[in-house]
Structures are given as structure tokens and as C-alpha cells.
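Listed below, chain by chain, are the residues.
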Amino acid sequence: MQAFLIRRLVQSLLTLFGVSIVVFLMLYFTPGDPVTIMLQGSNATPQQVETLRHQLGLDQPVYVRYVDYVTNALQGDLGRSYQTRESVLSAILAQLPSTLELTFAALFIAIAIGLIFGIIAAIRRDTWLDTLSMNISLFGVSIPNFWLGMLLILAFSLHVKLFPAIGTGGIRHLVLPAVALGWGYAAIIARLVRHSLIEVLHHDYIKTARAKGLVEHAVIGRHALKNALIPVVTIVGLQFGHMLANAVIIESLFARQGIGRLIVTGILSKDFPMVQGVVLFAAAGYVLANLLVDVSYAFLDPRIRFS
Amino acid sequence: MKTDGIQAVVGARLSRRSLLRIGGAVGGATVLAGILAACGGSDDTTTAASSSASGTSSSSSSGAASPSAGGASTQAPAGEPGGKLIYGIWQNPDTLDPGVSGLIATSKIDINLFDTLVYAMQETDQPYYPGLATKWDISPDATTFTFTLQTGVKFHDGDPFNAAAVKATFGHIMDPASKSLSALGSLNPGDSYGSTEAVDESTVKVTFKVANGGFLNAVSGISLAPVSPSSLQKYGADVGSHPVGTGPFMFKEWIKQDHVTIVKNPDYNWAPSPFGRNGAAYLDEIVFQIIPEASTRGVTLQNGEVDMTEELTPDDFNRLTSNGDFQGLKIKTTGMPYDIMINVTKAPTDELAVRQAMEFATDKKSIVDTLFTGVYEPAFAPVDPTTLGFDKSLESIYTFDPDKAKQLLEDAGWKAGSDGMRSKDGKALEVLFINLSGFGFDGISQLMQAQFKDVGIKMNITEQSFPAVQDTLHRGDHNLAPFFFYAVDPSFANSIYSTEAISTFNWMHYSNADVDKMINEGQQESDPAKRAPIYIELNKKIMNDAVMIPIYYKAVVLAAKKSVKGFRYTVNGFPFFYNVTAK
């Protein structure tokens, strides 16, 4: 187990290192010069442009810039935003809690709704309940989350004034964006749970459990579900990364604080340090989530060995 | 090069529909995106009246100077004073330091935190009014500007306002470490800034290496507003998160990506005369709530989460302001309208007849009616009507006349084939429109495509996104490109039409010696009455050469609860909250 963890940690670090190279090069090769963008409208002379380029270190060869960046990053310095001049690390740390809050709330909603619908559909297979659950879930997968978000705002902020449309802080501000972000994932989880559960319910040990007279909820809860959940856990881990990405849109729609807002602004202004910083953080979140998924297998299925 | 007072542009007005615009864009944008910023003044508003006031610009005007100090306050509040106002603003500020920012969002907040040396406002009868400067004197060659300053004014942190503060502010802008955007363009156009000297406590002299006729306009803009010298010392690089000015409101807090709160300055007693009163502002507090998505802004106004907002979709604007619950405010602004730049170096738009035919073939009214349901006005001149250099005569050079367009093409040898599409010497009449997706021209380009087809011009549209498109447009791969520009002083022409601007925004790739000369002349002159004819002539030339197609005049469009009253606006359309009441 320990060896496995160490190996996975090293792999994770290598992944992050790879991400940093890819992001750095992607920004480098994208057309558009950050200095020209920064100075636009200021009637800058060529000398002013050169001075700024030098100050930002952009006149250095790309590998020098990369090495500088990584050296500083390892010391916790992600640079200063070209656009706002604030420290990238403190900008991200200031916005991160809000993004995590949204992502976890959305994940909770996805899992809760997904499990309920999936289980109902599986145990009432081929009934109207199954059809209804699966159609709701089809709807959830098909509907873009920003559109669902708009519908939720219209329904629950405007017509029935239950929740505020905008802002950060407190559960009231969290409900609508979390549902908008989580619903689509709930749909995926529901279908997966249904499929997986139906498959498990055909196994001999379920028949045995029933044969020995266990009540149905014990059969489902204690025997079937535990085994049916393994693929679900994998998906949930991956979804966490997707949610971080989709939070960009939801945060803007609901005017919430969050790192998504930083990256949108950053990309448009070619704010290298900001984009790199946010992507690194998001990648770290993704990698960490996957690591946790792997580890959780051990608890869900003792047959999986970490050797 | 010498240009001046452009106040900038940077940022972006993305907004209206797509979610991706969301952000606040950035920089550059200008273009399209634009923003700009800075505000400031300009002569415009009142070019007509400006002649009477021309004394202001060249030799000293004093006068109304001391803002009705003390008791003379007259104007009654429009509503009940006190309380809080929440303004749903679309863009996140980059910094609140007026000397550094390039964004409109920052200007909108800062004009309430800072005073400018000179005020230029809409709906006044003079182009300039004394602000922190009670009078000014401009040397005949427009290189030296001497300002006499108000005494007794204090910054929010208690620092006295004086000549040293002006000098420190300009020094901060010029300091490369500040990485100034709009303000640097206003203070040092084309590297023309010389120095600032504190002659005595209340006299400051700004000298330029070459004529800078637009400088008075520039100091009426927020980007050159005096900042507390102590705050510059104390906060250093973080001064953008701790703005300290002399204005009627004081900074309270900025929660990034969420809101900026400002509160009443109880000591304020130096209001410029156009406000008609003196003393503290009426509102206790203003919250600028940042809401990037247009449809969300509409909902928050409607459900009462905000008291006023901006940049609504035309549908929301019409719906909310027509049912009587909310008021719609369309405020004039300055610069270039939404327009299409025509590349004069690439065939077939290198032919004057083709360009002119496109001018006649574009049905702006139908574009505005279709896409904006009448919120904006169709444009026929190359500058917004409140900009110095606008003249009614410019609007009659081209009208919508498809027959004339066909005739021009026919005469130039572009003959229609059996399908109605034209060609000459076996070459089809085909133009390429390179659109920036999501920047407000998606619908416009498609409607123009249909309108051009009616006269036999085939228009292809490709999409690119910002900032990559800049390289494409600099290369000149396009025939047509979308544009707009916020600027308060007509000298912005230098950044758009001059030969040297081909490396920046002259995506027309237009180089004309007469135009360069007129731009230069405008620069040498500081009297609005004498500058106007120069820029009118310049704009005529632009239209006659058909290097751009105006589409619609920009406007700052706001919607507010009916109880919100008492607005005054900067020349480029940003609201001053000093006289505003919300109850």
C-alpha cells in the first residue's frame, strides 16, 4: 500500500510537471503578444514596448523563461498577474474556497440524485419509474449547464423568489449554482448506477442473499450496491475534474467568486502567469481526485491489491 | 509621433450574448472589445457652444472656479438622501488605480472616488469647468500647461491636495514599474511628455516636448486624476487595491470577482460647478456588484437584487424599460461608432468604387432594427455625434442606396452574371470579412453578407477570436474587419488612420499624406473651436475615401429603478453618483 502510494504520488508530480510544460508552450505558441495587449490604447513607443517586455522577462528565450517559472513556482511564487499586478498565488487562494465550495456542493448533488434515481430505476426496472428516472437523466445529460442555470434563475430567483441569482457566501447562494453544475453529472451517475446494479443483481451471491431470506433493502444496500459502486467511484473522480472546468461557466453566470473567473479574464488578456497558475491548480485538483479514487478502491473492493 | 489623449481602450465590451465573453477582458481589446476607458473629457459635447468658451482653453479661464464654496448650494436632491445603491456592473476591475488601469469598469468606479483637475461633462454649456484646478493657462504652442490649484482640499487619508500631489501622480504614471495603460497614453502620447514642476504650493506646470493640443481633454479624464502621494508610498504596487482620492466617495472594500463598495466622503466640499451644489454626496454607500453575464444582470434588476445595471441584452432592455417599472437611460458616448474597417491594400477593396459601393449597399437601419430592436442609432459618420469633429454633413455622404451601389460597380467594370453576382476579367467580386466571434458583430456580418449579395458582391465570413486575430489583421489577410473605439479626444485619429498606426489599429492599412497632415494639425491646436474644423475635414476625407463603414453609434445603456435619480455623466457617458438619490 505504501509503495503504491509513493508510486502514485511520483506519477502525480510528473503529471503536473508535464502540465506545466504543455501550458507554458501553449501560451507561448498562441498568437498575440501580451505586451502589445497590455499597452494597447496607451500609444506606446517601441522603446516603451521593449522596456515592458524586458521587465516581464519576455525577451528571454522560452526555455529560460520556463526554468525561471518552475524555479519560482517550486518556491511558492507563481508570479504576478500581467493584468491586475497582484500575486497569482494569493489571487488563486482568495478565489479557491469559493470554487471548491461550489464543486463539492455540486458533487454532493450529483451523487445524491444520481444514486437515488439509479437505484429506483434498477430495482423497478422496466416500470414507469424506470422510464421516468432515465428520461429525467437523459434530459440532464442533454441540457447544457449554463442553460439549466438560466432556467433555475428564472424559476427560483425571479418568479418564485426563493434564492438569490448572484453572489457568494452562504447556503442560499450555493443552491442554484450547485444544482446547475451537478445535475448533468447526476444524470450520468444515475445511468451508471442503474446499469451496474442491474448487472450485479444477476449474480449468484445476490440470489444466495435473497434465498437466505434477507430483506430486499439489505440485499440492495449491503450486498449489491457496494459492488455496483466501483465503476461509479471512478466516474465521480473524473467528474470532479470536469466540474472544476465547468465551474468557469457557472461562476460567471451566477456572478460567483472563483478561479474560473480568473482564467477567463486571463486567457483573453494573455495573462501568462495567471493562466498558468490556475491551470496548475486545476490540474493538481484533478490529479489529487484521481489519486483518492485509486486509494478508495482498496476500501470498496479488497480484491484490488496495490502491489 | 504625437498623439494625445486617447484615453484608451482596452478592455472589452464583450458582453452581450455569449458566455465566453464573460470575462473581462482584457486588454486590448480595443477593438472590439473595447473599452476603454478612461474617460474623460472632451470637448465634444458641446462643440457648438464651445466657441464661446474657447477662452477657457487658451488663456486662462478662471471664473467659476471656486466651486460654489459654502452656502451657495442650491440644487435640491432629486429624491430622499441617504441609503445604499447597488449597481450591477459587467466587468471586473483590473485595478482601482486610475493611473494604471485600462478598463472601463475601473473608470466608472474611480470617477466617484477621485476628482479631476478639469471637469468635462455632458449637458453643460462649456467644454471645461474648473475641478481641482481653478484655472489654467496654455502656451500658444500647446506645449506648456500651467494649472492653479484649489486650496483646502484634502485626500481621503488626510493628505493635503497640492502641486506636489499632482507631480507625484504624474510621476507614478510615468514610472515604468507602475505599468500604466490608459493614463500613460493620456499623459505621454507618442513619448511627448516632458516634465511636471510644482511652481509653488498651488501652481503646477506640465511641459511637453511637442504640441499636445488634447491635453486639457486628457486631464479632464479620470486616468490623470490626482492620487494621494502618501497612498502611493504606503501601498506601493498594491495601491490599486487601496485607491485614495479627493472625490465625493471613499473606497471601503473590494472583494475580488464579487463587489467594490464605496462610501460617502463627509468632508467633501469642493464640487465642480455643473453639479449645482456643494457638500457631501447624497448616497451613504454604493456597491458595484460584478455580474459578468448579461441575462443575469437583467434578472437581478428585475428581482431587486440590484438597483441599476448596464449592458443588458436589447430584449431585456426593451422589456424592462417599457413596462413602466424601470427607467432606461441611453447616454451618449464618444469615439468611433461600431464600424467595419476596409483594407485598402487587398483586392478588390483596393478599388475606391468597390468600397463606395459597399457604403451604399449597407442598410444600417435594418441592421439596427433587426439586431438591437432600436436600442442604438444607425451611424453615418465616422465619429459618434458627441465627439469633436462630428458634423451633420458627414452623415449625408452615403445613404442606403443599392441602385447607386450597383451603378458604381457597373461603371467600374464589375458586371453582373446570370446569378446576379459580379465579376471583372474573369475574377469574381468577392470580399473576406474576418469576424471576431462574440464581439458584437456576429449578426451584423451576416446581415451585411445578405445586403452585399443584393448588389452582386459575394462576402465570405471567417471567425477568429481575440487576441489571435490581431496578427491576422496586421498582416492584412482580410478585406473587412470589425471595429469600434472609445476615446474622448478626436486626436484618437492618430491611433486609427495615421500611417504609423498601421502597426497598431489601422487595419485599413490606409496611408494618406493629407490625413497624416491633418492629424498633425489637430495636435498642434488646443482651442476646441479651431480644432473642430480640422477634424471635420479629416472625417470628410475618411468618408470620401470610404475606408470604413459606420454601422451604429455607441451609447452607454443603463437601466435603473425609477427611484434612482440625479445622474450627471462624463463626456463619454459614465455616471457621476454625487447628486444621485435612490429612495
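Owing to the predicted nature of the structure, the values given are computational and were not obtained by experimental measurement. (Residues numbered from 1 in each chain as written. Chains lettered and ligands numbered in written order. Predicted model: local features only at pLDDT ≥ 70, side-chain atom pairs only at ≥ 80, totals over all residues. Heavy atoms only, no water.)

**Student:** Explain the overall build of chain A here, please?
**Tutor:** For chain A, the count of helices and strands is twelve helices and zero strands. Reading the helices (α) and strands (β) of chain A from amino to carboxyl end gives α-α-α-α-α-α-α-α-α-α-α-α. The buried share of chain A, reckoned over its 307 residues, is 49%. Looking at chain A alone, contacts between residues at least 24 apart form 74% of all its contacts between residues at least 6 apart. Working note: accessible area of chain A is about 14500 Å², and carbon and sulfur atoms make up 70% of it. Of the side chains in chain A, 22 bear a positive and 16 a negative charge, and the two mean positions are spaced by 10 Å. (Helix = DSSP H or I, 4+ residues; strand = E, 2+ residues; numbered from the N terminus. Buried < 20%, exposed > 50% of the residue type's maximum accessible area, 1.4 Å probe, protein only. Contact = heavy atoms within 4.5 Å. Areas by Shrake-Rupley, 256 points an atom, 1.4 Å probe, with all protein chains shown as cover. Lys, Arg positive; Asp, Glu negative; His and termini not counted. Charge placed at Lys NZ, Arg CZ, Asp CG, Glu CD.)

**Student:** Which parts of the structure should I look at to understand the overall build of chain B?
**Tutor:** In terms of regular secondary structure, chain B is built from 16 helices and 24 strands. Scored against the burial criterion, the 583 residues of chain B give a buried share of 65%. Contacts in chain B between residues far apart in sequence, at least 24 positions, make up 73% of those at least 6 positions apart. Counting every atom, chain B has about 17400 Å² of accessible surface; 51% of that belongs to carbon and sulfur.

**Student:** Explanation requested: the pattern of salt bridges in the structure shown.
**Tutor:** Oppositely charged side chains may form a pair once their charged atoms are brought near each other. Under the criterion given, the structure shown has 24 salt bridges over all chains. Here Glu216(A) ties to Arg210(A) by a salt bridge, and the two come within 2.6 Å at their closest N and O atoms. Across the pair Lys541(B) and Asp545(B) runs a salt bridge whose closest N-O atoms are separated by 3.4 Å. According to the relative accessible area criterion, Lys541(B) is partly exposed, its value standing at 23%. Linked through salt bridges whose partners overlap, the residues forming this network are Glu410(B), Lys415(B) and Arg422(B). (Salt bridge = Lys/Arg side-chain N within 4 Å of Asp/Glu carboxyl O.)

**Student:** Looking at this structure, I do not really get the side chain of Asp94(B). What am I missing?
**Tutor:** All names here are of chain B. Among the secondary structure elements, Asp94 is positioned in the loop between strand E1 (84–89) and helix H2 (104–113). We classify Asp94 as buried; its relative accessible area is 4%. Within polar-contact distance, the side chain of Asp94 engages the side chain of Ser101 at 2.8 Å. A polar atom in the side chain of Asp94 sits 3.2 Å from the side chain of Thr106. (Polar contact = N/O pair within 3.5 Å; in protein donor to acceptor, adjacent residues only side chain to side chain.)

**Student:** Is there a simple way to explain the pairing of strand E8 (residues 249–255) of chain B in this structure?
**Tutor:** One face of the sheet, then the other: side chains in a regular strand alternate in exactly this way. Residue and element names in this part refer to chain B. Here E8 pairs with strand E9 (residues 259–264) via six bridges, running antiparallel. Bridged to Glu253 within E9 is Thr261. Joining the antiparallel neighbours E8 and E9 is a turn of three residues, in which Gln257 adopts a positive phi near 65 degrees. (Pairing = 2+ DSSP bridges.)

**Student:** Got a minute to help me understand the packing of aromatic side chains in this structure?
**Tutor:** Pairs of aromatic rings are described using the distance from one ring centre to the other and the angle between the two planes. All names here are of chain B. This structure, assessed with the given rule, holds 36 aromatic pairs over all chains. Arranged with centres 4.1 Å apart and planes meeting at 25 degrees, the rings of Tyr338 and Phe484 form a pair that is stacked. Remark: Phe484 occurs in strand E20 (residues 480–486) and Tyr338 occurs in strand E13 (residues 335–342); sequence separation between them is 146 residues. As far as burial versus exposure is concerned, Tyr338 and Phe484 are alike and both buried. For the pair Phe372 and Tyr552, a centre-to-centre distance of 4.7 Å together with 55 degrees between the ring planes defines the contact as tilted. Residue Phe372 is located in helix H10 (residues 364–372), and its partner Tyr552 is located in strand E21 (residues 548–553); the two are separated by 180 residues in the primary sequence. (Phe/Tyr/Trp six-rings, centres within 6.5 Å; stacked < 30°, edge-to-face > 60°.)

**Student:** Sorry, what's going on with the environment of Phe117(A) here?
**Tutor:** All names here are of chain A. Along the chain, Phe117 falls in helix H5 (residues 88–123). Remark: the alpha-carbon pair of Phe117 and Val22, spanning 95 residues in sequence, is separated by 40 Å. Setting aside residues no more than four positions away along its own chain, Phe117 makes contact with Ser133, Met134, Ile136 and Ala190.

**Student:** Sorry if this is basic, but what is going on with the sheet that holds E9(B) here?
**Tutor:** Strands pair in a sheet through their backbones, by hydrogen bonds, and they do so in one of two ways: parallel or antiparallel. Residues and elements named next belong to chain B. With respect to topology, seven strands assemble into an open sheet ordered E8-E9-E10-E1-E11-E22-E12, the strand pairing being mixed. At either margin of the open sheet sits one strand with a lone partner, and together these are E8 and strand E12 (326–332). Neighbouring strand axes in the sheet, compared pairwise and without regard to direction, differ in orientation by 20 degrees on average. Strands in contact with helix H7 (residues 294–302) are E1, strand E11 (308–310), E12 and strand E22 (555–561); relative to E11, the strand with the most contacts, it is inclined by about 165 degrees. (Axes fitted to C-alpha atoms, helices over the stretch in contact; angles between N-to-C directions.)

**Student:** Explain the environment of Ala180(A) here, please?
**Tutor:** All names here are of chain A. Along the polypeptide, Ala180 turns up in helix H8 (residues 171–201). By relative accessible area, Ala180 is classed as buried at 1%. Residues Ala180 and Leu148, 32 residues apart in the sequence, show an inter-C-alpha distance of 5.8 Å. Apart from the residues lying within four places of it in its own chain, the contact partners of Ala180 are Asn145, Leu148, Gly149, Leu152, Ile250 and Phe254.

**Student:** Quick question: what am I supposed to make of the sheet that holds strand E7 (residues 203–208) of chain B here?
**Tutor:** Residues and elements named next belong to chain B. Strands sit in the order E4-E5-E7-E6 across an open sheet of four strands; the sheet is antiparallel. What marks the edges here is a single partner per strand, and that holds for strand E4 (133–138) and strand E6 (193–200). Across the sheet, the axes of successive neighbouring strands diverge by a mean angle of 20 degrees, strand direction being ignored. Along the sheet, helix H3 (residues 163–174) contacts strand E5 (144–149), E6 and E7; its crossing angle with E6, the most-contacted strand, is approximately 160 degrees.

**Student:** Just to check I follow, could you spell out the pairing of E20(B) for this structure?
**Tutor:** All names here are of chain B. The buried count for E20 comes to seven of seven residues, which makes it a mostly enclosed element. Both faces of E20 are covered, namely the face carrying Leu480, Pro482, Phe484 and Tyr486 and the face carrying Ala481, Phe483 and Phe485. Across six bridges, the pairing between E13 and E20 is antiparallel. In the sheet register, Met336 faces E20, and the bridge partner there is Phe485.

**Student:** Any chance you could explain the confidence of the model for chain A here in plain terms?
**Tutor:** Confidence in the prediction of chain A, expressed as mean pLDDT, is 85, and 93% of residues score 70 or more. Confidence, read as mean pLDDT per element, is least for helix H2 (residues 34–39) of chain A in chain A (70) and greatest for helix H7 (residues 145–159) of chain A (93). (pLDDT = per-residue confidence, 0-100.)

**Student:** What am I meant to see in the nonpolar core here?
**Tutor:** Inside soluble globular proteins, nonpolar side chains tend to come together where they are buried. Membership of the largest hydrophobic core comes to 212 residues, with the highest contact counts inside it found for Phe147(B), Phe170(B), Phe215(B), Tyr497(B) and Phe577(B). Once residues lying within four places of it in the same chain are set aside, the contact partners of Phe215(B) are Phe145(B), Phe147(B), Phe170(B), Ser186(B), Leu187(B), Val206(B), Phe208(B) and Leu224(B). Ranked by size, the runner-up nonpolar core spans 29 residues in total, among them Val49(A), Tyr66(A), Tyr69(A) and Leu262(A). (Core = buried A, V, L, I, M, F, W, Y, C linked by side-chain atoms within 4.5 Å.)

**Student:** I keep staring at a nonpolar patch on the surface and nothing clicks. Help me out?
**Tutor:** Residues Phe17(A), Ile21(A), Leu25(A), Tyr28(A) and Phe29(A) make up a contiguous nonpolar surface patch of about 480 Å² in total accessible area. For Ile21(A), a relative accessible area of 31% puts it in the partly exposed group. (Patch = residues over 30% accessible without salt bridge, like charges linked within 9 Å, V, L, I, M, F, W, Y side chains within 5 Å.)

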